[in-house]
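# Descriptive analysis of the structure
Here is what each chain is made of, one letter per residue.
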Amino acid sequence: MVEGWQGHNACQQCDGGARVSLSRTMAPATTYTSTDPFSQGWQWLGDPVNWQGPSGIPARIAEHLGYTGLTLLISVAIAVPIGLYVGHTGRGRVVVVSLAGMLRALPTLGIMTLFALIATSTLSLMPAIWALVLLAVPPILTGTYAGIAAVDREIVDAARGVGMTERQILFGVEVPNGLAVMLGGFRSAVLQVIATVAVVAFISLGGLGRYIIDGLAVQDYGQVLGGAVIIAAVAIAIDGLLAVLQRVVVSPGLKEISISEVALSSTGGKA
């Protein structure tokens, strides 16, 4: 059998000069019967110990989804109003497209490292959340803007012709017609955030990334693989739920806007 990690260097220099053993607190709880990391991963997932307590899988999933929900709540509050305004009025279109492209180009690891340093110095969750917000805003913003801008202008003109106000046109005509594209952008943001939230464990926060960070620290690759599998499973499950929600809330009578049309509208009609 392969016993839990018992590293000879399992100690840490503390501020007071005392050396505290970490072998007991950091050792993996699962005892493996194989040296193959993939087999260890399935054994780790099947160990009942890993499904119990405050560090168990259900608790970590709840933490992971909590970070994700907070990030998406802030991102939606920022991106959706801007996207609705730009899509409806056409003002600031170039700025929004350029800003979204710039944020997409930012290196994820670099952003998280920068905000991790800030979070470590301030002992706060919010710096890491704001880093995730920067990653979630672009797909939500572009999805909202593209969905509204791609609505047939003849439909909008007809709504104005019958006396509808601009607010009524936006929420009664443009949003329902562009909802499929808007939800597509939201789904993209959700998947990106769920995958990236794992990095917040680097700054001693919780979530499913805790298994990956702690597993690498103690060379418990079964725990690392198990944590990665759970993150992927959660992302797939959430995306499936959002796909069902999209089918429910989007009217089947609406013509789906193709990806090429959305791309064309997001670039201002230029090929």
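Going by the structure above, here's the rest.
Reading the values: the criteria
- Residues numbered from 1 in each chain as written.
- Predicted model: local features only at pLDDT ≥ 70, side-chain atom pairs only at ≥ 80, totals over all residues.
- Heavy atoms only, no water.
- Helix = DSSP H or I, 4+ residues; strand = E, 2+ residues; numbered from the N terminus.
- Buried < 20%, exposed > 50% of the residue type's maximum accessible area, 1.4 Å probe, protein only.
- Contact = heavy atoms within 4.5 Å.
- Areas by Shrake-Rupley, 256 points an atom, 1.4 Å probe, with all protein chains shown as cover.

The next thing to look at is the overall build of the protein chain. In terms of helices and strands, the protein chain carries 11 helices and 2 strands. Taken from N to C terminus, the helices and strands of the protein chain fall in the order β-β-α-α-α-α-α-α-α-α-α-α-α. The burial tally for the protein chain puts 40% of its 271 residues in the buried class. Residue pairs at least 24 apart in sequence account for 69% of intrachain contacts in the protein chain once pairs closer than 6 positions are excluded. A total accessible area of about 14,600 Å² is found for the protein chain, and carbon and sulfur atoms account for 66% of it.

Moving on: the environment of tryptophan 42. By the element assignment, tryptophan 42 lies in helix H2 (residues 37-46). Residue classification places tryptophan 42 among the exposed positions, given a relative accessible area of 59%.

A few words on unusual backbone geometry. The backbone phi angle of glutamine 219 is positive, close to 60°, even though this residue is not glycine. With respect to the helices and strands, the residue glutamine 219 is situated in the loop between helix H9 (209-217) and helix H10 (221-249).

These figures come from the coordinates and say nothing about function on their own.
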